[in-house]
Amino acid sequence: MKLVSKEPSARLSESVLLAVFVTEGSAPALPRGVVVAKHAFDDLKGEFREVRLTDTVQGPLRRVLVIGLGKKEALDAEKLRRAAAIAVQRAESSSAPSVTIHVDREILKHVGDEVAGVALAEGATLGSYRFEAHKSKPKEAKLKTVTIVGAGRVFQAGVKKGRVLAEANTFVRDLQNRPGNKMTPRDLAAAAKSLVKSGRITCRVFDEGAMKRMKMGLLLGVAQGSREKPRLIHLVYRPAGRTRGKIALVGKGLTFDAGGISLKPSSKMDEMRFDMSGGAAVLGVFRALRELDVPFEVHGVVPTTENLPGGAATKPGDIHVAMNGTTVEVLNTDAEGRLILADALCYTVAKIKPDTIIDLATLTGAVVTALGHELSGLFASSDKLRDELVEAGKETGELLWPLPLLDYHKEQMKGLFADLKNISGGDMGAGSSAGAAFLAPFVGNTDWAHLDIAGTAWGGSNRDWVGGSLGSGVGTRLLVRYLESRR
Ligand code: BES
Ligand code: ZN
Ligand code: ZN
């Protein structure tokens, strides 16, 4: 699908379906020359997600689609994203080859020109996302072109940026949706390398030999049950101008998590293809940074492996040694994400020395119990980092909810036979805090946030542009927004 943006002065061509928005209590504003039957919209209330498709009686087009936005006072970016997604989905289902989304000034004024442009481009692109990579006869989309019409340079720039962000998100979804045999650690590393661009983005991939030399015993311990070899991906983005600081993004890249010897139940185990969603989201940020400028040096670190049972696999009770010398009892081999992240954090602290670390991981089932599928769990070592991330999440529609990490939780992760154990004692509960507490000592004093995206990486309720059983691409747009707005 091609997405273009135009000024309202542009001529409408006859082949298109026109989509316009309407808020509650007002009449749809049609572009000049477009006429529909007199009472066509009489019973239209303009409620959010209300839809009318009607024929024109005069003018250059055949049909007009009107989509309700609800109350004007409650209008925001999320509603525009959803409305644009509905527009493209209706266009597709009515077999239109192209749709022109016309946004009038009133709406732009209310939401802000750039924000509206971004949201509409995101909604249109993400609403038409499909994953047909493994169908022998992929269905072709009928909708080929989406044109977004609105006034002003700022709006046009917003549309352009929204397209970049949405394409980064679909890049992530494509990585997520591939099953374990089509998205191995090697494949994920190849995807990272494909992002390298003109010196501004570079990528190094460390293999098993390099991990052994760096003494990454935890990452190697998870990988040892698998025939696919692990990788450690390190991407770097350098800004064109002056750098305001160094930020590291670390993502869990488990391309399939069977649980290891602590084997998971078979029901829905296929969903553990998504256990690389944190890593994919980090790659997605670099996909966007190919085309955007942010004033920070950004590092992306993604440890990637499978977690399988087998004769060589780590056994419950086995002790492995992290890159920084910390010894760890692996009491449950299914709590593997924190193990590979721990070595990745050691690497990040020792080799990159960033000002801030943000990690993303499908870390615990407990966060799904606590927050469901619409909010990610957030642990942050500073209020500033917490607030800026929460704010970015509100803006991108990828909500975060702060969760507690106390010294008490960290205490529970002390081992009996080694320094740490990878699960807490039987009666502590607070499984997501335990995961964060395990990671905490590996970041030392660095400003740090941990995002548990186990609930949001897939399986959310339908929000038109996102939701359902496919990967959501959560995290990428959020982090880019954070990088743009960080003070
Ligand atoms: N990848 C899982 C977490 C997960 C579960 C993500 C469900 C999405 C949906 C993680 O590796 C895991 O298995 N965690 C265990 C930890 C436990 C053994 C302490 C869990 O949450 O059950
Ligand atoms: Zn696991
Ligand atoms: Zn896992």
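Model, not experiment: these values are computed from the prediction.

> Quick rundown of the overall build of the protein chain? Include the residues and the values.
A tally of helices and strands in the protein chain yields 14 helices and 19 strands. Judged by the C-alpha coordinates and their principal axes, the protein chain covers about 80 × 50 × 45 Å. Across the 487 residues in the protein chain, those meeting the buried criterion constitute 57%. With an accessible surface of roughly 20100 Å², the protein chain has 50% of that area assigned to carbon and sulfur atoms.

> Tell me what's going on with the coordination of the zinc ion (ligand 2), and back it up with residues and numbers.
In the first shell of the zinc ion (ligand 2), the protein supplies D257 (OD), D334 (O), D334 (OD) and E336 (OE), at 2.0 to 2.2 Å from the metal. Between the 6 donor atoms coordinating the zinc ion (ligand 2), the angles at the centre fall across 71 to 166°, so the site counts as irregular. In terms of primary sequence, the donors binding the zinc ion (ligand 2) are separated according to D-x76-D-x1-E. The distance between the zinc ion (ligand 2) and the zinc ion (ligand 3) is 3.2 Å, with D257 acting as a donor to both metals. Pair noted here: D257 is in strand β11 (residues 253-257) and E336 is in the loop between β14 (327-329) and α9 (337-352), with a separation of 79 residues, a long-range link. Here the two residues D257 and E336 agree in accessibility, since each one is buried.

> An account of the site of ligand 1 is needed here, citing residue identities and associated values.
In the vicinity of ligand 1, 16 residues are found, and the nearest of them are K264, D275, D334, E336 and G365. A distance of 3.4 Å separates a nitrogen atom of ligand 1 from a polar backbone atom of L363. Starting from 510 Å² of accessible surface for ligand 1 in isolation, the protein chains cover 77%. Per-class residue counts for the shell around ligand 1 are 5 nonpolar, 4 polar and 7 charged.

> Break down helix α1 (residues 77-93) for me, citing the residues and quoting the values.
Given 3.6 residues to a turn, an α-helix orients residues that are three or four positions apart in the same direction. If you check α1, its first and last C-alpha atoms are 24 Å apart, about what 17 residues at 1.5 Å a residue would give, namely 24 Å. Summarising burial for α1: 14 of the 17 residues are buried, a large majority. Phi turns positive one or two residues past the end of α1, at S95, with a value near 60°.

> So what's going on with the coordination of the zinc ion (ligand 3)? Residues and values would help.
Here the zinc ion (ligand 3) is held by K252 (NZ), D257 (OD), D275 (OD) and E336 (OE), and the distances to it run 2.0 to 2.4 Å. With 6 donor atoms in place around the zinc ion (ligand 3) and angles of 77 to 175° between them, the coordination shape is octahedral. Along the chain, the residues donating to the zinc ion (ligand 3) are arranged with the sequence spacing K-x4-D-x17-D-x60-E. Residue K252 is classed as buried on the basis of its relative accessible area, which comes to 2%.

> Account for the packing of helix α8 (residues 277-289) against helix α14 (residues 476-485), with residues named and values stated.
Two elements in contact, α8 and α14, have axes separated by 8 Å at closest approach and are oriented at 55°. Here α8 lies oblique to α14, going by the angle between them. As for how α8 packs across α14, the hand of that crossing is right-handed. Residues A280, A281, G284, V285 and A288 of α8 pack against T476, L479, V480 and L483 of α14.

> Any chance you could break down the pattern of salt bridges for me, citing the residues and the numbers?
Oppositely charged side chains can pair when the atoms bearing their charge come close. Within this structure, the stated rule accounts for 33 salt bridges. For D43, the salt bridge is made with R52, and the minimal N-O distance between the two is 3.4 Å. Assessed through its relative accessible area of 22%, R52 is described here as partly exposed. The salt bridge partner of K384 is E388, with a shortest N-O separation of 3.6 Å. With K384 and E388 both in helix α11 (residues 383-396), this residue pair falls 4 residues apart, about one helical turn. By relative accessible area, which is 4% here, E388 ends up buried. Sharing partners across several salt bridges, the network here consists of E78, R81, E122, E398, R463 and R477.

> For the packing of α11 against α14, give the residues involved together with the corresponding values.
Taken N-terminus to C-terminus, the directions of α11 and α14 make an angle of 125°; their axes are 8 Å apart at the nearest point. As judged from the angle between their axes, α11 and α14 are oblique. Taken as a pair, α11 and α14 cross one another with a handedness that is right-handed. Counted together, L385, E388, L389, A392, G393, E395 and T396 of α11 and R477, L478, L479, R481 and Y482 of α14 form the full contact between these two elements. By residue class, the composition of the contact of α11 with α14 is 6 nonpolar, 2 polar and 4 charged.

> I'd love a proper account of unusual backbone geometry, names of residues and values included.
Located in the positive-phi region is S198, a residue other than glycine, with phi close to 35°. With respect to the helices and strands, S198 occurs in the loop between α5 (185-193) and β8 (201-206). The exposure class of S198 is exposed, given its relative accessible area of 62%. Positive phi outside glycine occurs at A430, with the angle close to 50°. Turning to its location among the elements, A430 is positioned in the loop between β18 (420-421) and α13 (431-443). On the basis of relative accessible area, A430 is assigned to the partly exposed category, the value being 40%.

> Lay out the sheet that holds strand β13 (residues 319-321) in plain terms, naming residues and giving numbers.
The strand order across the open sheet built from 3 strands is β13-β14-β18, with neighbouring strands paired in mixed fashion. Looking at the sheet topology across the chains shown, the edges are occupied by β13 and β18. With 2 bridges connecting them, β14 and β18 associate as parallel partners. Bridge pairing in β18 places E329 opposite K421.

> I'd like a description of the sheet that holds strand β7 (residues 145-149), backed by residues and values.
Adjacent strands of a sheet form backbone hydrogen bonds with each other and so pair up, either parallel or antiparallel. Spatially, the 7 strands line up as an open sheet ordered β1-β7-β6-β2-β5-β4-β3, and their pairing is mixed. Here the strands that pair on one side only, and so sit at the sheet edges, are β1 (2-6) and β3 (35-36). With 7 bridges joining them, strand β2 (residues 17-23) and strand β5 (residues 63-70) adopt parallel strand pairing. In the sheet register, F21 faces β5, and the bridge partner there is I67. Along the sheet face, helix α4 (residues 153-177) touches β1 and β7 and points at about 170° away from the line of β1.

Parameters and conventions
Residues numbered from 1 in each chain as written. Chains lettered and ligands numbered in written order. Predicted model: local features only at pLDDT ≥ 70, side-chain atom pairs only at ≥ 80, totals over all residues. Heavy atoms only, no water. Helix = DSSP H or I, 4+ residues; strand = E, 2+ residues; numbered from the N terminus. Buried < 20%, exposed > 50% of the residue type's maximum accessible area, 1.4 Å probe, protein only. Areas by Shrake-Rupley, 256 points an atom, 1.4 Å probe, with all protein chains shown as cover. Donors = N, O, S within 2.8 Å, 3.2 Å for Na, K, Ca; no water. Tetrahedral: all angles 85-135°; square planar, octahedral: opposite > 155°, others 65-115°. Near = heavy atom within 4 Å. Polar contact = N/O pair within 3.5 Å; in protein donor to acceptor, adjacent residues only side chain to side chain. Nonpolar A, V, L, I, M, F, W, Y, C, P; charged D, E, K, R; others polar. Expected span 1.5 Å × (residues − 1). Axes fitted to C-alpha atoms, helices over the stretch in contact; angles between N-to-C directions. Parallel < 35°, antiparallel > 145°, perpendicular 65-115°, else oblique. Left-handed = near helix turned anticlockwise from the far one by under 90°. Contact = heavy atoms within 4.5 Å. Salt bridge = Lys/Arg side-chain N within 4 Å of Asp/Glu carboxyl O. Pairing = 2+ DSSP bridges.

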